[in-house]
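What follows is the residue order along each chain.
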Amino acid sequence: MDTVVTGRVWVVGDSVTTDAMYPAFAMKLPVPEAARHIFYELRPGWTDEVSPGDILVAGRNFGLGSSRPVAALFRELGVAALVAEEFNSLFLRNCVNHGLPALTVPGVTGAFADGDTLRLDFAEGWAENTGSGVRLRGGALPPLVLDILAAGGILPRLAREGYVPVPNGSGN
C-alpha cells in the first residue's frame, strides 16, 4: 500500500457528529444510495461536488455520537482519506475497520481551505498543503493499522489470515 496520498481538500468544522454525516432516513437505504446523503444538512449538495481521491479535513471531535458506519459511505464516494485535528475514538476505529485512512494532525484546519491540495503520509504522520508548502506533523499510523488499511479493512485482513470467510469483495 502506498502510504502517501494526494487529493483535493474539503474542510468541515469542529464537533461534527455521525448523525450530521449520516442522517437517520438514509440508514434504511443501500450504501450507494445512502452515501449520496452524507452531510445532508451540514453541506447540502456536497456529494454532488466530491470526487474520488478527495480528502476531508475536519476540526476537533470529528465523528462524535452514535457509531453509524459513516466510513463505508465515505469509501463509497471514493474519499481517499480523512484528516482531523481530533477524532472520536470509536469513529476512528470504524474508519480503520472499513479501510479508510484517518490521520490526526493538530492545526490542520488552519492550514487548509476548500479546494487546496493536500499531500499526506500515513506512515510518517504528516500533512502538507502543496500550494503554501506548509507541512504539519501528526501521529503516524502504526504498522498493524497500515496492514489493515492495505488489506481494505479488518474483515478482508481477517479473511486473508484465515480467521473469517472471504468477504463478498466489497471490503465493507
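Here the structure is a predicted model, which means the values were calculated and not measured.

*Asks:* Tell me about the packing of aromatic side chains, residues and numbers included.
*Replies:* Taken as a whole and judged by the stated rule, the model has eight aromatic pairs. Their ring planes at 85 degrees and their centres at 6.2 Å tell us that Trp10 and Trp46 sit as a pair that is edge-to-face. Highlighted residues: Trp10 in strand E1 (residues 4–11) and Trp46 in helix H3 (residues 46–49), separated in sequence by 36 residues. The exposure classification of Trp10 matches that of Trp46, with both residues buried. Ring plane angle 80 degrees and centroid distance 6.3 Å describe the contact between Trp46 and Phe74, whose orientation is recorded as edge-to-face. Of the two residues, Trp46 sits in helix H3 while Phe74 sits in helix H4 (residues 70–77), which places them 28 residues apart along the sequence. Its relative accessible area of 0% is what places Phe74 among the buried residues. One aromatic cluster is present, formed by Trp10, Phe39, Trp46 and Phe74 through successive ring pairs.

*Asks:* Which residues make up the pattern of salt bridges, and what values do they have?
*Replies:* Per the counting criterion, the structure on display carries 10 salt bridges. For Arg119, the salt bridge identified is with Glu128, shortest N-O distance 3.5 Å. Residue class for Arg119 comes out partly exposed when judged on its relative accessible area of 31%. In this structure, the salt-bridge partner of Glu161 is Arg160, at a minimum N-O distance of 3.3 Å.

*Asks:* Quick rundown of the side chain of Asp54? Include the residues and the values.
*Replies:* Among the structural elements, Asp54 can be located in the loop between H3 and strand E2 (55–58). For Asp54, a relative accessible area of 5% translates into the label buried. Here Arg8 takes part through its side chain, which lies 2.7 Å from a polar atom of the side chain of Asp54. Polar contacts involving the side chain of Asp54 include one to the side chain of Trp10, which spans 2.8 Å. Leave out the neighbours within four places in its chain, and Asp54 touches Arg8, Trp10, Glu49, Gly78, Val79, Ala80 and Ala81.

*Asks:* Please set out the pairing of strand E6 (residues 126–129) residue by residue, giving values where relevant.
*Replies:* Side-chain positions along a regular strand alternate between the two faces of the sheet. Neither face of E6 is open: one carries Trp126 and Glu128, the other Ala127 and Asn129, and all of them are buried. The pairing of strand E5 (residues 117–121) with E6 spans four bridges and is classified as antiparallel. Following the sheet pairing, Leu120 is matched in E6 by Ala127. The loop that links E5 with its antiparallel partner E6 comprises four residues; one of these, Gly125, has a positive phi angle of about 80 degrees. When E6 meets strand E7 (residues 135–137), the two strands line up antiparallel, connected through three bridges. Bridging from a neighbouring strand, Glu128 pairs with Arg135 of E7. The loop that links E6 with its antiparallel partner E7 comprises five residues; one of these, Gly133, has a positive phi angle of about 85 degrees.

*Asks:* Describe the sheet that holds strand E4 (residues 102–104), and please don't skip the residues or the numbers.
*Replies:* Think of a sheet as strands paired side by side through backbone hydrogen bonds, with each pair either parallel or antiparallel. The seven strands lie next to each other as E4-E3-E2-E1-E5-E6-E7, forming an open sheet whose pairing is mixed. At either end of the open sheet lies a strand with only one pairing partner, and these are E4 and E7. Adjacent strand axes in the sheet meet at a mean angle of 30 degrees when their direction is disregarded.

*Asks:* How would you sum up the nonpolar core? Please name residues and give values.
*Replies:* Counting 28 residues, the largest nonpolar core has Phe39, Trp46, Leu56, Phe62, Phe74, Leu82 and Phe91 as its most contacted members. Elements represented by at least two residues in this core include exactly E2, H4, strand E3 (81–84) and helix H5 (89–97). In terms of residues, this core owes the most to one element, H4, which gives five residues. Excluding residues within four positions of it along the chain, Phe39 makes contact with Val12, Val16, Ala20, Met21, Pro44, Trp46, Leu56 and Phe74. Within the second largest apolar cluster, 23 residues are counted, among which are Val108, Leu118, Leu136 and Leu146.

Cut-offs and rules
Residues numbered from 1 in each chain as written. Predicted model: local features only at pLDDT ≥ 70, side-chain atom pairs only at ≥ 80, totals over all residues. Heavy atoms only, no water. Phe/Tyr/Trp six-rings, centres within 6.5 Å; stacked < 30°, edge-to-face > 60°. Helix = DSSP H or I, 4+ residues; strand = E, 2+ residues; numbered from the N terminus. Buried < 20%, exposed > 50% of the residue type's maximum accessible area, 1.4 Å probe, protein only. Salt bridge = Lys/Arg side-chain N within 4 Å of Asp/Glu carboxyl O. Polar contact = N/O pair within 3.5 Å; in protein donor to acceptor, adjacent residues only side chain to side chain. Contact = heavy atoms within 4.5 Å. Pairing = 2+ DSSP bridges. Axes fitted to C-alpha atoms, helices over the stretch in contact; angles between N-to-C directions. Core = buried A, V, L, I, M, F, W, Y, C linked by side-chain atoms within 4.5 Å.

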